[in-house]
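Residue-level listing of the chains:
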Amino acid sequence: MSGLTVTLQFSGGAELLFDKVKKREVELPALEKFLPQINKTDWSLRELLVWIKDNLLRERPELFLQGDSVRPGILVLINDSDWELYGELDYKIHNGDTIMFISTLHGG
Amino acid sequence: MPVLCRTGCGKKAVLKRPKTGDALCKECFYHAFEAEIHYTITKGRLFNNGDSVAIAASGGKDSTVLAHVMKTLNQRYKYGLNLMLLSIDEGITGYRDDSLETVKQNRDDYEMPLKILSYKDLYGWTMDEIVAQIGRKNNCTFCGVFRRQALDRGAAMLNVKCIATGHNADDIAETVLMNVLRGDIARLKRCTSISTGSEGTIPRVKPLKYTYEKEIVMYAHYKKLVYFSTECVFAPNAYRGHARALLKDMEKIRPSCIMDIIYSGETMAVKEDITLPTQRICIRCKFVSSQEVCKACVLLEGLNKGLPRLGIGKSSKAKKMLEEYNAKQGHTTIKETMQYLDNNYTNIGNIENCLSNDKLCKSRVCKVSKNNTQLINISGKCNNGHCSGQCKNNQFSKDKENKSNTKINILLEQYELSETSNNVTVGPSHANILNATDLDNLYPDQDEDSCSGTCGKMGSMQIGF
Ligand SMILES: [Zn+2]
Ligand SMILES: [Zn+2]
Ligand SMILES: [Zn+2]
């Protein structure tokens, strides 16, 4: 299976961890290539976070990730809806999806 | 397969409410979110018809959403409130100037008058200048202490009935947790109250007290409200950071824990003999204070004396600094130095002194004081040089005889030079001890706004600076 194109958005201060870039389109490789050891073909959010960690998150990943998920306090929206309605880490990513990360940890 | 709105409206749900677990569509979420805040306002009787209310606006998510919702509810339910925005400009380049732009946007969007008060005007120092003096480490002491007082002063200028702040449920739960972790029982009782303010101060109310942070952020996102998010450029309070992280971890497992912690704080019985420090008037700036000299004045004293760490940090450090200062001034003991400071201290702070010198003091500090906010030129000499240092020196020698040992001892205490004040033990008297190392302890309700930025909330989120 070939790769996917997804749009990633970072806001609420989360963009500060990603070179202040708020929106980027990324192409994900075939999952068998990226993570051959897990024997999966379909990208889920769980693997997307690993990809983000390896490719976008240059330093201090603990500010964005905790365990295999995002750090509590960072909201995730899948196509503008709360990921809690869509299985969170188990959500299967589709081509063209927009995944948004909003930090609530940066205050005001 | 989209999840449908729980209300049966037929629309697609967009979020799961942390408070109830309900999946709601955008419109039903807005309705629930606003209705709950309206309920909080009416049940807590936060406002009266005709009140002028200042919304403490930082440009961040909480105050932006607060301003939006207050405007909406004021119109929808005819509260009859005269709403305005009050912002504090700490003078932090690149941080506050950006967020003030956001506040100005709020002003235009919500058609509310905006008052911006700067540290420079009030205290003669910007945070940038303070940073230059003191380094980054203890800045939050200044920004927390000054900010709290600045809001009170601003509210007095605007002649408002109360100040509405954007503290949300997560903030309050965090404060409850912090007070429990510190054994600060006296403050525990107060920190959950929806309206705080003792005699002589302008009450602060928290319309978002029961509103989850997640919902505030989602509301701002869906409503496309523009807010400013950044971390405070100054060092966070590590202890609070851990408390926040713990809370967020627990919230993930059981979202209701936020409300449960607030409920615990509200209903916890507190022994009668545990009291907060009583409010009085700072003898220097005449503003409400729990100490004889308010913390802002102590900090300013240090800054203006070139001893910026006075009043913060470990007392042993302050002692060392004073010793160095001694050496410079030719004093040999701390007591002598304190006498010197004491002398200055009795001379300054009187606006008449400044004027009686027949030199018009043109510093903006003094202008502010004419606005009847009782602010005085605390250092006794104006920063812009219009007021010659003479007046200070004159009075210095005049008053030299008037000192007493008692006063010095009080001052020693005031400047936290007694080692005991550093080792706070848990107990009824806890609340009466000003713990020099704990910046959140400076004022009774201060926990909630320890810093103008978010450093108090940030924990290890601190990045990039
Ligand atoms: Zn609905
Ligand atoms: Zn700060
Ligand atoms: Zn004072």
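On a predicted model such as this, the values are computed, not experimentally measured, just so you know.

> I keep staring at the overall build of chain B and nothing clicks. Help me out?
Broken down by element type, chain B carries 19 helices and 10 strands. Residue burial in chain B is summarised as follows: out of 465 residues, 59% are buried. Across chain B, contacts joining residues at least 24 apart in sequence account for 71% of those joining residues at least 6 apart. Looking at chain B as shown, the accessible area adds up to about 18900 Å², and 51% of this sits on carbon and sulfur atoms.

> Would you take a moment to explain unusual backbone geometry for this structure?
A negative phi angle is the norm for most residues apart from glycine, just as the trans form is the norm for most peptide bonds. Residue and element names in this part refer to chain A. Phi is positive for Asp 19, which is not a glycine, with a value near 55°. For Asp 19, the position within the fold is in the loop between strand 1 (4-11) and strand 2 (23-28). Unlike most non-glycine residues, Asn 79 shows phi in positive territory, near 45°. Here Asn 79 shows up in the loop between strand 5 (74-78) and strand 6 (81-82).

> It is not clear to me how the coordination of the zinc ion (ligand 3) should be interpreted in this structure. Could you clarify?
Ideal coordination angles are 109.5 degrees for a metal with four donors arranged tetrahedrally and 90 or 180 degrees for a metal with six donors arranged octahedrally. Surrounding the zinc ion (ligand 3) are the protein donor atoms Cys282(B) (SG), Cys285(B) (SG), Cys294(B) (SG) and Cys297(B) (SG), at 2.2 to 2.4 Å. Here the zinc ion (ligand 3) binds four donor atoms, and the angle range of 103 to 114° at the metal identifies the geometry as tetrahedral.

> Mind showing me how you'd approach the confidence of the model for chain B here?
Caution applies to low-pLDDT parts of the model: their predicted coordinates are not meant to be read in detail. All names here are of chain B. Per-residue confidence for chain B gives a mean pLDDT of 70; residues scoring 70 or more make up 59%. A low-confidence stretch, residues 341-465 (pLDDT under 50), is modelled with 306 contacts involving residues beyond four sequence positions or located in other chains. With a pTM of 0.71, the predicted complex shows an ipTM of 0.95.

> Is there a simple way to think about the interface of chain A and chain B in this case?
How big an interface is tends to be reported as the loss of accessible area on association of its parts. Between chain A and chain B, the residue contacts involve 29 residues of the former and 36 residues of the latter. With both chains or domains summed, chain A and chain B bury close to 2800 Å², and 57% of this area falls on carbon and sulfur atoms. For Asp80(A), the salt bridge identified is with Lys26(B), shortest N-O distance 3.9 Å. At the boundary of chain A with chain B, the tally comes to 11 residue pairs in polar contact (both at pLDDT 80 or more). Elements supplying a minimum of two residues to the side of chain A that touches chain B: strand 5, strand 6 and strand 7 (98-103) of chain A. The element best represented in the side of chain A that touches chain B is strand 7 of chain A, accounting for three residues.

> Quick question: what am I supposed to make of the sheet that holds strand 7 (residues 195-196) of chain B here?
Strand pairs in the sheet, formed through backbone hydrogen bonds, run parallel or antiparallel to each other. All names here are of chain B. Overall, mixed pairing links the six strands, which are arranged 5-4-3-6-8-7 in an open sheet. Sheet topology places strand 5 (114-118) and strand 7 at the edges, where each strand pairs with a single neighbour. In this structure, strand 7 lies alongside strand 8 (residues 204-205), joined through two bridges in antiparallel fashion. Bridge pairing links Thr 196 to Arg 204 in strand 8.

> How should the nonpolar core be read in this particular structure?
Soluble globular proteins tend to pack their nonpolar side chains together in the buried interior. Phe47(B) and Ile55(B) are the most contacted members of the largest nonpolar core, which has 47 residues in total. Tallying contributions element by element places helix 1 (residues 26-43) of chain B first for this core, with seven residues. When sequence neighbours within four positions are dropped, the list of residues in contact with Phe47(B) reads Ile41(B), Val53(B), Met70(B), Leu81(B), Cys162(B), Val205(B) and Pro207(B). Membership of the second largest hydrophobic core comes to 38 residues, among which are Leu35(A), Leu63(A), Trp83(A) and Leu85(A).

> What is the right way to look at the packing of helix 1 of chain B against helix 2 (residues 61-76) of chain B in this model?
To characterise two packed helices, one gives the angle between the axes of the helices and the distance between these axes. All names here are of chain B. With their axes 10 Å apart at the nearest point, helix 1 and helix 2 run at an angle of 75° to one another. The angle between the axes of helix 1 and helix 2 places the two elements in the roughly perpendicular class. Contacts from Phe 33, Glu 34, Ile 37, His 38 and Ile 41 of helix 1 reach helix 2 at Val 65, Val 69, Met 70, Thr 72, Leu 73 and Arg 76. For the contact of helix 1 with helix 2, the residue count by class is seven nonpolar, two polar and two charged.

Conventions adopted
- Residues numbered from 1 in each chain as written.
- Chains lettered and ligands numbered in written order.
- Predicted model: local features only at pLDDT ≥ 70, side-chain atom pairs only at ≥ 80, totals over all residues.
- Heavy atoms only, no water.
- Helix = DSSP H or I, 4+ residues; strand = E, 2+ residues; numbered from the N terminus.
- Buried < 20%, exposed > 50% of the residue type's maximum accessible area, 1.4 Å probe, protein only.
- Contact = heavy atoms within 4.5 Å.
- Areas by Shrake-Rupley, 256 points an atom, 1.4 Å probe, with all protein chains shown as cover.
- Donors = N, O, S within 2.8 Å, 3.2 Å for Na, K, Ca; no water.
- Tetrahedral: all angles 85-135°; square planar, octahedral: opposite > 155°, others 65-115°.
- pLDDT = per-residue confidence, 0-100.
- Buried area = accessible area lost by both parts, 1.4 Å probe.
- Salt bridge = Lys/Arg side-chain N within 4 Å of Asp/Glu carboxyl O.
- Polar contact = N/O pair within 3.5 Å; in protein donor to acceptor, adjacent residues only side chain to side chain.
- Pairing = 2+ DSSP bridges.
- Core = buried A, V, L, I, M, F, W, Y, C linked by side-chain atoms within 4.5 Å.
- Axes fitted to C-alpha atoms, helices over the stretch in contact; angles between N-to-C directions.
- Parallel < 35°, antiparallel > 145°, perpendicular 65-115°, else oblique.
- Nonpolar A, V, L, I, M, F, W, Y, C, P; charged D, E, K, R; others polar.

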